[in-house]
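What the coordinates show
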Amino acid sequence: MLNALAVATVVIVGLMVGVEFSVAFIMNRILDALPEDSGQLGHAHGGRMLGALMPFWYIGSLVLTAIWAAAGWHQHSAGLVVTAAGLLVVSVVMSILLLVPINNRNKTWTPETRPADWKQQLNQWGRYHYVRVAVVIAAFTLLVAALV
């Protein structure tokens, strides 16, 4: 049963990492290259879509990792899983304190209502997101190492 939990956790966290990596290095670049207001509208729509899904994915990944850590406390890889859980806590805290406030503003913007500094705000979100991606990649790497 512990092995099934570990594999499910690694798969779910790995998929989350893939989505976040894609947002950082593919989707944002595509949206930023679109003409006129299309990119800003795309960022707002993406903020609404992913903003609704990602809280459950982040919290779910953290909960699964915490359950794995507790259930496998006696195993030699427990330290890796606990450290990964700590990194996922960091990613959740970063999201709540740094990324969500910008996203909550961005998802309501239209070309008519966006603030003058909207590009700077999206760039700030992007910088925070790069750090968060690094944190979740580190957590995923530790989980994979614990699985092996």
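Here's what I pulled together on the structure shown here.

Rules used in this analysis
Residues numbered from 1 in each chain as written. Predicted model: local features only at pLDDT ≥ 70, side-chain atom pairs only at ≥ 80, totals over all residues. Heavy atoms only, no water. Axes fitted to C-alpha atoms, helices over the stretch in contact; angles between N-to-C directions. Helix = DSSP H or I, 4+ residues; strand = E, 2+ residues; numbered from the N terminus. Parallel < 35°, antiparallel > 145°, perpendicular 65-115°, else oblique. Left-handed = near helix turned anticlockwise from the far one by under 90°. Nonpolar A, V, L, I, M, F, W, Y, C, P; charged D, E, K, R; others polar. Salt bridge = Lys/Arg side-chain N within 4 Å of Asp/Glu carboxyl O. Buried < 20%, exposed > 50% of the residue type's maximum accessible area, 1.4 Å probe, protein only.

1. Section: the packing of helix H3 (residues 78-106) against helix H4 (residues 118-147)
Close contact between H3 and H4 brings their axes to 9 Å; oriented N to C, the two are set at 160°. Classified by the angle between their axes, H3 and H4 sit roughly antiparallel to one another. For H3 against H4, the interelement crossing comes out left-handed. Partitioning the contact of H3 with H4 into residue classes produces 22 nonpolar, 8 polar and 2 charged.

2. Brief notes about the pattern of salt bridges
For the coordinates displayed, the defined rule picks out 2 salt bridges. Across the pair Glu20 and Arg132 runs a salt bridge whose closest N-O atoms are separated by 3.4 Å. Pair noted here: Glu20 is in helix H1 (residues 2-33) and Arg132 is in helix H4, with a separation of 112 residues, a long-range link. Close ionic contact of Arg114 with Asp37 constitutes a salt bridge, the shortest N to O distance being 3.0 Å. Taken as a pair, Arg114 in the loop between H3 and H4 and Asp37 in the loop between H1 and helix H2 (38-71) lie far apart in primary sequence, 77 residues in all. Judged by its relative accessible area of 23%, Arg114 falls in the partly exposed class.

Shape descriptors only; they carry no functional weight alone.
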